[in-house]
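Letter by letter, the chains look like this.
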Amino acid sequence: QVHLVESGGGLVQPGGSLRLSCAASGSIFSGAIMYWYRQAPGKEREYVAYIARGGSTNYADSVKGRFTISRDNAKNTVNLQMDSLKAEDTAVYYCKARGSFGVYWGQGTQVTVSS
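As the structure is a computational prediction, the values presented were derived from the model and not from experiment.

Reading the values: rules and limits
- Residues numbered from 1 in each chain as written.
- Predicted model: local features only at pLDDT ≥ 70, side-chain atom pairs only at ≥ 80, totals over all residues.
- Heavy atoms only, no water.
- Phe/Tyr/Trp six-rings, centres within 6.5 Å; stacked < 30°, edge-to-face > 60°.
- Helix = DSSP H or I, 4+ residues; strand = E, 2+ residues; numbered from the N terminus.
- Lys NZ or Arg CZ within 6 Å of the ring centre and 35° of its normal.
- Salt bridge = Lys/Arg side-chain N within 4 Å of Asp/Glu carboxyl O.
- Buried < 20%, exposed > 50% of the residue type's maximum accessible area, 1.4 Å probe, protein only.
- Contact = heavy atoms within 4.5 Å.

**Structural notes on the packing of aromatic side chains**
For step 1, the next point in the chain: Applying the stated criterion across every chain yields a total of 7 aromatic pairs.
For step 2, the next point in the chain: Ring plane angle 85 degrees and centroid distance 6.5 Å describe the contact between Tyr94 and Trp105, whose orientation is recorded as edge-to-face. You can see Tyr94 sitting in strand 9 (residues 91-99) and its partner Trp105 sitting in strand 10 (residues 102-105), a full 11 residues away along the chain.
For step 3, the next point in the chain: Joined through ring pairs, the aromatic side chains of Tyr35, Tyr37, Tyr47, Tyr50, Tyr94 and Trp105 make up one cluster.
For step 4, the next point in the chain: Here the basic side chain of Arg45 rests over the ring of Trp105, its NZ or CZ set 4.6 Å away from the ring centre.
For step 5, the next point in the chain: If you follow Lys96 out to its NZ or CZ, it ends over the ring of Tyr35, 4.3 Å from the centre.

Now the structure itself:
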């Protein structure tokens, strides 16, 4: 069984920063492609970023240049540094792991950008 637990969400003013973390249990992390998704109220879940096993990254156009995804294989964590936050970044952020073991999701962490 794989468990993903997100943390680091909260309330921040526009232009501010937050750092999300996702901790993975089990031995799957080093072999997993790790993703961040988000879901705003009344909208479908959307892709934010991924980081491959070797460290290559990809971002949605809406966050490119503002968000940075990273992973620490020794600590089984993936992080999402979010800078220059906008009101439209408000959403529940989810971590996803994908690999030969299947696909697993975390429970999500709320990010609210508001003055």
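Having seen the structure, we can now continue with the description.
**A few points about the pattern of salt bridges**
For step 1, the next point in the chain: Counting across every chain of the model gives 4 salt bridges.
For step 2, the next point in the chain: For Arg38, the salt bridge goes to Asp89, with nearest N and O atoms at 2.9 Å. Note that Arg38 is positioned in strand 4 (residues 33-39) and Asp89 in the loop between strand 8 (77-82) and strand 9, a separation of 51 residues in sequence.
For step 3, the next point in the chain: Judged by its relative accessible area of 4%, Arg38 is buried.
For step 4, the next point in the chain: In this structure Asp89 comes out as buried when scored by relative accessible area, which is 0%.
For step 5, the next point in the chain: Measuring nitrogen to oxygen at the nearest pair gives 3.1 Å for the salt bridge that ties Lys64 to Asp61.
For step 6, the next point in the chain: Salt bridges here are not isolated pairs; linked through shared partners, they connect Arg38, Glu46, Arg66 and Asp89.

**Quick notes on the environment of Val92**
For step 1, the next point in the chain: Within the element layout of this structure, Val92 appears in strand 9.
For step 2, the next point in the chain: A sequence separation of 81 residues divides Val92 from Leu11, and the C-alpha atoms of the two residues are 12 Å apart.
For step 3, the next point in the chain: With residues near it in sequence (within four places) discarded, Val92 still touches Tyr37, Arg38, Gln39, Gly108, Thr109 and Gln110.

Everything listed is a geometric property; what it means functionally is a separate question.
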